[in-house]
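Understanding the architecture of this molecule
Chain residues, written in single-letter form:
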Amino acid sequence: MKSRTVLAKPGCMVILLIGLMMEERAGLAALGCSPRDGRQGRERKMAKMEAKTSLLDNMIGVGDMVLLEPLNEDTFINNLKKRFDHNEIYTYIGSVVISLNPYRSLPIYSPEKVEEYRNRNFYELSPHIFALSDEAYRSLRDQDKDQCILITGESGAGKTEASKLVMSYVAAVCGKGAEVNQVKEQLLQSNPVLEAFGNAKTVRNDNSSRFGKYMDIEFDFKGDPLGGVISNYLLEKSRVVKQPRGERNFHIFYQILSGGSEDLLCKLKLEQDFSRYNYLGLDSARVNGVDDAANFRTVRNAMQIVGFMDHETQSVFEVVAAVLKLGNIEFKPESRVNGLDESKIKDKNELKEICELTGIDQSVLERAFSFRTVEAKQEKVSTTLNVAQAYYARDALAKNLYSRLFSWLVTRINESIKAQTKVRKKVMGVLDIYGFEIFEENSFEQFIINYCNEKLQQIFIELTLKEEQEEYIREGIEWTHIEYFNNAIICDLIENNQSGILAMLDEECLRPGTVTDDTFLEKLNQICATHQHFESRMSKCSRFLNDTSLPHCCFRIQHYAGKVMYQVEGFVDKNNDLLYRDLSQAMWKANHSLIKDLFPEGNPAKINLKRPPTAGSQFKASVATLMKNLQTKNPNYIRCIKPNDKKAAHIFNDALVCHQVRYLGLLENVRVRRAGYAFRQPYEPCLERYKMLCKQTWPHWRGPARDGVEVLFNDLEIPEEEYSFGRSKIFIRNPRTLFKLEDLRKQRLEDLATLIQKIYRGWKCRTHFLLMKKSQIVIASWYRRYAQQKKYQKIKSSAIVVQSYIRGWKARKLLRELKHQKRCNKAVTTIAAYWHGTQARRELKRLKEEARRKHAVAVIWAYWLGLKVRREYRKFFRANAGRKISEFILQKIIQKYFLEMKNKMPSLSPVDKNWPARPYLFLDSTHNELKRIFHLWRCKKYRDQFTDQQKLVYEEKLEASELFKDKKALYPASVGQPFQGAYLEISKNPKYKKLKDAVDEKIIIAEVVNKINRANGKATSRIFLLTNSNVLLADQKSGNIKSEVPLGDVTKVSMSSQNDGFFAVHLKEGSGAAGKGDFLFSSDHLIEMATKLYRTTLSQTKQKLNIEISDEFLVQFRQDKVCVKFIQGNQRNGNVPTCKRKNNRLLEVAVP
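Treat the numbers as computed from the prediction; the structure is a model and nothing was measured. Residues take numbers from 1 onward in each chain, read along the sequence in its written order. Whole-chain, interface and lining totals are the exception, using all residues; otherwise, since this is a predicted model, local features are given only for residues with pLDDT of at least 70 and side-chain atom pairs are given and counted only at 80 or more. Remark: hydrogens and water are excluded; side-chain values derive from all non-hydrogen atoms of the structure.

Once that is clear, we can look at the overall build of the protein. We count a stretch as a helix when DSSP gives it H or I for four or more residues in a row; a strand needs E for two or more, and each element gets its number in order from the N terminus. The helix and strand inventory of the protein stands at 34 helices and 31 strands. Here the C-alpha radius of gyration of the protein, 49 Å, is well above what a compact globule of 1152 residues would show, namely 32 Å. Expressed as lengths along the three principal axes of its C-alpha atoms, the size of the protein is roughly 165 × 125 × 60 Å. Counting the 1152 residues in the protein, one finds 45% classified as buried. Roughly 63700 Å² of accessible area belongs to the protein as shown, and the carbon and sulfur atoms make up 52% of that amount. Positive charges come from Lys and Arg alone, negative charges from Asp and Glu alone, with His and the N- and C-terminal ends not counted. Every charge is mapped onto a representative atom, which is NZ of Lys, CZ of Arg, CG of Asp or CD of Glu. Between the centroid of the 184 positive side chains of the protein and the centroid of its 138 negative side chains there is a distance of 16 Å. Put simply, the radius of gyration uses C-alpha atoms, and a globule should come to 2.2 Å times the residue count raised to 0.38. Partly exposed describes any residue whose relative accessible area lies between the buried limit of under 20% and the exposed limit of over 50%, with all areas from a 1.4 Å probe on protein chains only and scaled to the type maximum. Note on areas: these come from Shrake-Rupley sampling with a 1.4 Å probe, and a residue is covered only by the protein chains present in the view.

What follows is the structure, given as structure tokens:
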């Protein structure tokens, strides 16, 4: 009864139909297994098919908006809401995925889900972002088509999370291996770094991306990731100095203050109190559910995985701290004698700490905040800055410093994650960029963001139509022209080189004279007045003169997503994005290597009087490059929508969603898809799904699938204008036709399920009867066996009882006989024992008497012999008594000496000088010899503990002692320092990968030395490498090899006897390496380098290298010989020796 109840459930009918009505071979083929897989394998694969096997199965609402009937805005929104209420956050528009942000975690991204969507048809399962990711990845891997995934939507819609899901899915399904896993990990860990520096909390989103990101992921021919390249667009750097109410600055500022250790904050001169920094808004400093300290640890770990060195990470944090402290600099007005106003810094403590962080001279930076130098051809004009201008300069510096740091981070990440091989690559691009923005107050940022979205909409429509047309041509279907809104006219209004808004904005910024936002708006009104998508009350067009909704200081553009009104205030300043040249030059003078690299235009040697490109022109060029890149790839689209502004789950705001649907152009997208045929499907799955609707195709169609579909549609009498046959697909024009097929299929499945249940119940009853019959036979046979066994056991028990009685009687009879025999034997034994005892006692008495007589004789004989010996020995005793006593005493003294030495032995340390005192004078030589033997023995024991590596180190130290002890003043300081050799981690640092590949031999020493310039005596950093056969010099920054000297060409090494690190390497005259002359270096590890060079040369050439130690020696520079002279002198730089070129023949080194 229980099994019948389960079978009667309606939800099981489809599974019963698939499982019982198909033939065995067809069923196994459909499941993808063979009869040898066994029952369990078939059951597992059948369970997998119990999930949704088609987009149309158990559909909530409509999974593909192309099938929505009727199609209008209300039905579109209602369908999204219905699916959202049932946790279905993904919906299709053809191949486009609509994603609703659920604002909560859903169990739809597990590894099991990844496997479920892996290598499946796009429409085979319910809509999911994994389906689109899998389709893009398989097209790239199998068809060699470069892919791009465009993710758009407004802030808070889930674009960043969508891009993470795409990357995590691709990482999960691509190949494995240590190198591949490292590349995947670096690609995934680049996200936390960019989010920390480029994301911020806004009123709409707690983790809003404030920059556009495009990542090209590169794959090899197998589909394994090789690396990637990231491009960033328009970081919202104005947020650094000012945030709207309820929003925060970029995450990294709060993460450093919350998660930085006390030691780190002390080095950065920061405190944990947010209120001490003017650039941090206090009303939203803390965000519920966000752990800034934990996120900071994640960011540091991600930077390490991506490949940032420790000093690079520290430099980045120092720049962030400097930006944070810039906001605390305040100015006060001060009048000069000539009547001009100038500004002064109120409190110079913050300025001092900034200069200590960045290595900038405080006076230089202070002047840059107070004065501005304007250069025109050969003239320089210096003007003072008032308080407002000083604050503008401060904020401009903070914004530029942070934005350039962000661009440097992107470049540095690209260096780490870029593909290292030169093979041909396949590319998948992921674009995560701002969505269309319409705020109450729209400015320059919203204008260029909306311009970018206009370009994306344009390429979206073009590529979608192109894809449709290519499929129609491929399938042999006649292409009909589709009417749609072409937004090229809006793009032209903005980007036209002659009359576009961006061109006029640039022209206004470059125009001499007074330039304001009003003059820019006036120019727009003159040029764009007649444009049908431009509106302004000040234009010549009279239709907007009385439009009170349009203020005089604004203009309005009718975008594809609707009308947007822009406030012209700030357009000119934000487009100029000027940073005073004085500030650039001050930054370039910093001793901080990173800051110096961020401001290359500050180099006086590379000064450029040309005006830098404007922000608008830069963004326009970036967008053009992006569009060109996207047009070379196969596009995939994800449209992100946020259901409410409260960032809360289970809330669906119809008006907000409708607004986003409009500006994303989703209805327009559906209309384009439905302009031809609304649904298309390959013949095989179509026939498999609907074959039960026709008797000729059910249960199996033996011919081609296309003929089967044609027979099926003719049998159902579907009008010919409702469908068309392609080469591999059936095209259905109207969704009503598809829904009609689904209704017929559902009704037919119910009929088949009833038939299956009837057949199953009959089979169940027959099986039960046969089982009962078989059980009766088994029970009868078991009972007969049981009865016979019981009878046999009874007979067996009786026989055993009779046998036991007989055996007992025979045993008792035998026992009586044995007892009688035992008594007789015992009596005989007793009599014999008594007789033997009497005899033994008599014999013992006789033996004792005989033994007493023999003992007496032996004693008498011994006494007699002793007396005889004493009489003979007495005459010799007096002559040898002294010598015998002396030898005996000496033997005892020596024995006592050795026993005492055993207990007084010193420790086994070779440096222990203790030795027991000599007890007797005659043992002096023996005492000293024992001391020498013991010392040699314990030295050997100590040496036996050394490894081969330690022996080599001590040999080098011994060699250094022989070469430099009492000759070089620097030698005593080097004794306690271990010789490491490899001071540069060339194998671990990706910066030196090129250098590592160029050197094939074992590197004996790798150290950064200062190479002394032959012309002026100044030092240049070089990487000094010593191998088994060569001395190499390489550039420290690029890793390129500058010089290579064979060890056979090195003739001598010269150095002074003083406490300095200078040494000269003399080369053989006429050799190829001696073209520019000898080398003069300065190193902190002189003793080690000279020792290793000496030993390596001796091992290679079998000749000792000449080490000359003198305070004056000659060095060959090209054709001239220069004398290097070492003198004592006071140093300005502390205890650092300095080198100066006195004349053409003298190079003087001042040693402290």
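After that view, the rundown keeps rolling.
Below, the discussion takes up the nonpolar core. Buried Ala, Val, Leu, Ile, Met, Phe, Trp, Tyr and Cys residues that are joined via side-chain atoms within 4.5 Å together make up what is termed a nonpolar core. Phe 76 and Phe 197 are the most contacted members of the largest nonpolar core, which totals 204 residues. When residues of this core are assigned to their parent elements, the largest contribution, 14 residues, is made by helix H16 (residues 387-417). In this structure, this core is formed jointly by two domains, domain 1 (445-574) and domain 2 (679-746), each of which donates at least three residues. The criterion used for residue contact is that any of the two residues' heavy atoms lie within 4.5 Å. Beyond its immediate sequence surroundings of up to four residues, Phe 197 is in contact with Phe 250, Ile 252, Val 316, Val 320, Tyr 402, Leu 405, Phe 406 and Leu 409. By size, the runner-up hydrophobic cluster in this structure holds 31 residues, among which are Val 1053, Met 1055, Met 1089 and Tyr 1094. Just so you know, the domain bounds were taken from an automatic or database domain assignment.

Moving on, we come to the side chain of Ser 163. Mapping Ser 163 onto the fold places it in helix H8 (residues 159-173). Classification of Ser 163 by relative accessible area gives buried; the value is 2%. Here a polar contact is recorded for every N or O atom pair within 3.5 Å, except that within protein the pair must consist of a potential hydrogen donor and a potential acceptor, and residues adjacent in sequence are included only if both atoms are side-chain atoms. Polar side-chain contacts of Ser 163 include one of 2.6 Å to the backbone oxygen of Thr 160. In contact with Ser 163, not counting residues within four places along its chain, are Ile 151, Val 430 and Asp 432.

Our next topic: the pairing of strand S26 (residues 1079-1082). Neither face of S26 is left uncovered, since the one carrying Phe 1079 and Phe 1081 and the one carrying Leu 1080 and Ser 1082 both have all their residues buried. Any two strands between which DSSP finds at least two bridges are classified as paired. Two strands pair when backbone bridges link them, and strand S25 (residues 1062-1067) and S26 are joined in this way by four bridges, in the antiparallel orientation. Its bridge partner lying in S26, Phe 1063 is registered against Phe 1081.

Let's shift gears to the packing of helix H9 (residues 178-198) against H16. Comment: axis = line fitted to C-alpha atoms, over the contacting stretch for helices; angle = value between 0 and 180 degrees taken between N-to-C directions. In contact at an axis separation of 11 Å, H9 and H16 are set at 175 degrees when each is read in the N-to-C sense. Between H9 and H16, the angle falls in the class roughly antiparallel. Contact with H9, carried on its side by Gln 186, Leu 187, Ser 190, Val 193, Leu 194, Ala 196, Phe 197 and Gly 198, involves Tyr 402, Leu 405, Phe 406, Leu 409, Val 410, Ile 413, Ser 416 and Ile 417 of H16 and no other residues of that element. Note that Gly is not counted as nonpolar here; it falls among the polar residues with everything else outside the nonpolar set of Ala, Val, Leu, Ile, Met, Phe, Trp, Tyr, Cys and Pro and the charged set of Asp, Glu, Lys and Arg. In the contact of H9 with H16, the residues fall into twelve nonpolar, four polar and no charged. Between 65 and 115 degrees an angle is taken as roughly perpendicular, under 35 as roughly parallel, over 145 as roughly antiparallel, and anywhere else as oblique.

Let us now look at the packing of helix H19 (residues 501-510) against helix H20 (residues 517-527). With their axes 10 Å apart at the nearest point, H19 and H20 run at an angle of 140 degrees to one another. As summarised for this structure, H19 and H20 are arranged oblique, according to the angle between their axes. In this structure, H19 meets H20 at a crossing whose hand is right-handed. Facing H19, whose interface residues are Ile 501, Met 504, Leu 505, Glu 507 and Glu 508, H20 presents Thr 519, Phe 520, Lys 523, Leu 524 and Ile 527. Residues belonging to the contact of H19 with H20 are distributed by class as follows: six nonpolar, one polar and three charged. Left-handed describes a crossing whose near helix is turned anticlockwise from the far helix by less than a right angle; the clockwise case is right-handed.

The term salt bridge refers to a pairing of a side-chain nitrogen on Lys or Arg with a carboxyl oxygen on Asp or Glu at a separation within 4 Å. The tally for this structure, following the rule as stated, stands at 49 salt bridges. A salt bridge links Arg 662 to Glu 73; the shortest N-O distance between them is 2.9 Å. Here Arg 662, found in helix H25 (residues 654-664), pairs with Glu 73, found in helix H5 (residues 73-85); they are 589 residues apart in sequence, far enough to count as distant. Given the relative accessible area of 48%, Arg 662 is considered partly exposed. In this structure, the salt-bridge partner of Arg 1095 is Glu 955, at a minimum N-O distance of 3.6 Å. With Arg 1095 in helix H34 (residues 1086-1101) and Glu 955 in helix H31 (residues 948-964), the pair connects residues that are 140 residues apart, well separated along the chain. Here Glu 955 falls in the partly exposed class, since its relative accessible area comes to 41%. What you see here is one network of salt bridges that share partners, running through Arg 210, Glu 236, Arg 239 and Glu 247.

Let's shift gears to a nonpolar patch on the surface. Surface patches are defined over residues having more than 30% relative accessible area and no salt bridge, joining like charges when they lie within 9 Å and nonpolar side chains (Val, Leu, Ile, Met, Phe, Trp, Tyr) when within 5 Å. The grouping of Leu 890, Ile 894, Phe 898, Tyr 920 and Phe 922 at the surface amounts to a nonpolar patch, some 440 Å² of accessible area in total. Mapping Leu 890 onto the fold places it in helix H29 (residues 735-903).

Our next topic: the packing of aromatic side chains. We call Phe, Tyr and Trp rings a pair once their centres come within 6.5 Å, taking the six-membered ring for Trp, and we label the pair stacked below 30 degrees between planes, edge-to-face above 60, and tilted otherwise. Tallied over the entire structure, the rule returns 33 aromatic pairs. Feature note: the residues Phe 444, Phe 447, Phe 520, Phe 534, Phe 555, Tyr 566 and Phe 571 constitute an aromatic cluster, connected by ring pairs. The side chain of Arg 367 reaches across the aromatic face of Phe 371, ending 4.4 Å from its centre. Directly above the ring of Trp 782 sits Arg 785, whose terminal nitrogen or CZ lies 4.1 Å from the centroid. Lysine and arginine charges are scored as sitting over a ring when NZ or CZ, respectively, is within 6 Å of the ring centre and within 35 degrees of the ring normal.

This part covers the sheet that holds strand S30 (residues 1138-1143). The mixed open sheet is built from four strands, whose spatial order is S28-S29-S31-S30. What marks the edges here is a single partner per strand, and that holds for strand S28 (1112-1117) and S30. Strand-to-strand twist of the sheet, defined as the mean angle between neighbouring strand axes without regard to direction, takes the value 30 degrees.

On to helix H13 (residues 310-326), then. Any helix carries an expected span of 1.5 Å times its number of residues minus one. With 17 residues, H13 extends 25 Å from end C-alpha to end C-alpha; this agrees with the ideal 24 Å at 1.5 Å per step. In terms of burial, H13 is largely enclosed, as 14 of its 17 residues are buried.

A few words now on a negative patch on the surface. Together, Asp 707, Glu 710, Glu 720 and Glu 721 line one region of the surface with negative charge. Structurally, the position occupied by Glu 710 is in helix H28 (residues 705-715). Among the residues examined, Glu 710 registers a relative accessible area of 34% and is labelled partly exposed.

Another point: the domain arrangement of the protein. Buried accessible area, meaning the area lost when the parts come together, often serves as the stated size of an interface. Domain annotation for the protein reports domain 1 (445-574), domain 2 (679-746), domain 3 (904-945) and domain 4 (948-1150). Taking the mean C-alpha position of each, domain 1 and domain 3 sit 99 Å from one another.

Pairing is antiparallel across the open sheet formed by three strands, whose spatial order is S17-S19-S18. The sheet terminates laterally at strand S17 (679-682) and strand S18 (723-725), the two strands that pair on one side only. Ignoring strand direction, the axes of neighbouring strands in this sheet form an average angle of 20 degrees. Together, S17, S18 and strand S19 (729-732) form the strand contacts of helix H27 (residues 683-690), whose direction differs from that of S17 by roughly 95 degrees. Of the strands in this sheet, S18 and S19 touch H28, which is tilted by about 155 degrees from S18.

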